[in-house]
Amino acid sequence: MDNSFLRMITWNANGLKERTQELEIFLQTNNIDIALISETHFTDKSYFKLKHYDAYWTNHPSERARGGSAIIIKSNIKHYKQEDIQEAGIQATIVNITFNKQEVNIAAAYCPPGSTPLYTQWIEIFKKLGNRFIIGGDFNTKHTAWGSRLITPVKGNGLLNAIKKENCRFHSGRKPTYWPTDTKKVPDLLDFFISKGISEKNMEVNNVVDLTSDHTPVLLYVNATIILKKKKLNLTNKHTDWELFRKLIEESIDLHISLKTKQELDLQTEKFISLIQNAAKNATPEMTVSPNHHISYPAEIRDLIKERRKARRYWHRTRNPADKNHFNNISNSVNRLTRQHKQECLDNYLSNLDPGKDKDYSLWKATRKYKRPTIRIPPLKDSEGNWIKTDDEKTEYFAKHLAEVFQPNDIQSNVDTRSTYKPYKKIKKF
């Protein structure tokens, strides 16, 4: 991954579950780092997962399949989940990342048409997002300032005034993003980005004619050095030679040592840990991991995606129902071939699984992988309300907490030192 540019899209999916496959292809082929999704239509029973990405979402407060927002972010980008905004007027999912050595809140927002936030509500939202943020989504608010066809007086002027009041900036492609199927309705711009504390010179916005909902994505490039997660270090892997490991331990370990003082105990503990680490390192070969995590799709699917893109552009120009039908037919063909390709890949993967040692117990490992739930470790908050994120900070905070909790109890003055023990009388059996 090139971490000198952050590639981010905002897109109204109009039901994310139905468009998972095409979104996956789009993210992989365009190397998107973060996707801000509006109108997910998720409920508390929804489940969503993409390979090499982490997903977070915020549902509509009614918990009905309507509205909602989601953030899909590459798993190797260091990030932390923040508190959501879950109101009738706006559903916003927020994560915190670090780029250019500064923390930035990234938010995906959806504002339903009937209850879009007003001026004072936008002020509160911007204050909650902090001094450095990027928020993108379908705001359902029109103003000619960011390229809409007309102005919604209360909502449009309210959002623009809030942006100016909080020293924010808006970023749009100044082209329509909403393309209604009804030819009587006029396309307009509803999806864009708002930022604060980030230089406008480092940002570039482009409209993308792709994907199949009634909205088109907006792509934002940010010139930024992104902080990535550190590679997890393991002492051993599946190729570890355990016989060699055992032999190295037996040859190097010394059982005739003194453990009479605290200093001796600490010294021998360090030596034992070092002995295990060296033996594991010598018995474990290095595994090379390919940096290319992208899914390879057949040329037939890639060519059809290009045809779909051309068909959508043509329909946008003509607004002819026949051209829309042609676009829909190509989209259906892409989805059908994608499902077939993924099913073939899955069948091939399952056919190569085996419970035996010859194939490294691949069947059991696959079963354990799919049954194991995804567990994410969230940041902590200290007593002063500050976020504790790194492992070192968490360790220090837990140590401090345990030191305060586990204090010796001063109970000598409150307890009668005289013995109150009375032996039980034996019960005579009859």
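Refer to the structure printed above.
Basis of the calculations
- Residues numbered from 1 in each chain as written.
- Predicted model: local features only at pLDDT ≥ 70, side-chain atom pairs only at ≥ 80, totals over all residues.
- Heavy atoms only, no water.
- Helix = DSSP H or I, 4+ residues; strand = E, 2+ residues; numbered from the N terminus.
- Buried < 20%, exposed > 50% of the residue type's maximum accessible area, 1.4 Å probe, protein only.
- Contact = heavy atoms within 4.5 Å.
- Areas by Shrake-Rupley, 256 points an atom, 1.4 Å probe, with all protein chains shown as cover.
- Polar contact = N/O pair within 3.5 Å; in protein donor to acceptor, adjacent residues only side chain to side chain.
- Pairing = 2+ DSSP bridges.
- Phe/Tyr/Trp six-rings, centres within 6.5 Å; stacked < 30°, edge-to-face > 60°.
- Lys NZ or Arg CZ within 6 Å of the ring centre and 35° of its normal.
- Expected span 1.5 Å × (residues − 1).
- Arc of directions from axis to C-beta.

*Asks:* Pulling in residues and values, what's your account of the overall build of the protein?
*Replies:* Helix and strand content of the protein: nine helices and 15 strands. When the 430 residues of the protein are sorted by exposure, 39% land in the buried category. If you take every contact in the protein between residues at least 6 apart in sequence, the share linking residues at least 24 apart comes to 65%. Within the structure as shown, the protein displays about 26,900 Å² of accessible surface, and the carbon and sulfur contribution to it stands at 52%.

*Asks:* Lay out the side chain of N105 in plain terms, naming residues and giving numbers.
*Replies:* Residue placement: N105 occurs in strand β8 (residues 102-110). Judged by its relative accessible area of 12%, N105 is buried. Side-chain polar atoms of N105 contact the side chain of N96, separated by 3.1 Å. With near-sequence residues (within four places) excluded, N105 lies in contact with Q82, I94, V95, N96, L129, R132, F133 and I134.

*Asks:* Quick rundown of the pairing of strand β4 (residues 69-74)? Include the residues and the values.
*Replies:* Along any regular strand, the residues point their side chains to alternate faces of the sheet. With respect to burial, β4 is a largely interior element, six of its six residues being buried. Burial along β4 is two-sided: S69, I71 and I73 and A70, I72 and K74, pointing in opposite directions, are all buried. Where strand β2 (residues 34-38) and β4 come together, five bridges link them in antiparallel fashion. Residue pairing in the sheet places I37 in a bridge with A70 of β4. Across six bridges, strand β3 (residues 53-58) lies against β4 in antiparallel orientation. Of the residues in β4, the one forming a bridge with W57 is A70.

*Asks:* Describe the packing of aromatic side chains, with residues and values.
*Replies:* All chains considered together, the criterion is met by nine aromatic pairs. Between the aromatic rings of F126 and F133, the centroid separation amounts to 5.7 Å while the plane-to-plane angle is 20°, which identifies the pairing as stacked. For F126, a relative accessible area of 0% corresponds to the buried category. On the accessibility criterion, F133 (0% relative accessible area) is buried. Pairwise contacts between aromatic rings join W122, F126, F133, F139, W146, F170 and F192 into one cluster. For the cation-ring pair, K324 lies above W315, with the distance from its terminal atom to the ring centre recorded as 5.3 Å.

*Asks:* Any details on unusual backbone geometry? Residues and values, ideally.
*Replies:* Comment: phi is negative for the bulk of residues other than glycine, and the bulk of peptide bonds are trans. Although it is not a glycine, N167 sits at a positive phi angle of roughly 55°. The residue N167 is located in the loop between α3 (153-165) and β10 (169-171) in this model. By relative accessible area, which is 64% here, N167 ends up exposed. Its identity as a non-glycine residue notwithstanding, L211 has a phi of 65°, on the positive side. Counting through the fold element by element, L211 comes out in the loop between β12 (203-207) and β13 (218-223).

*Asks:* Could you give me a rundown of helix α5 (residues 262-283), with the residues and numbers involved?
*Replies:* Structurally, the α-helix is built with 3.6 residues per turn, so residues lying three or four positions apart point the same way. Taking 1.5 Å of rise per residue, 22 residues should cover 32 Å, and α5 covers 32 Å from first to last C-alpha, within 8% of that figure. Of the positions making up α5, those classed as buried are L275, A279, A280 and A283. Angularly, the buried residues of α5 cover 120° about the axis, an arc narrow enough to put them on a single face. Exposed side of α5, more than 90 degrees from the buried face: K262, Q263, E270 and K281 are the residues found there.

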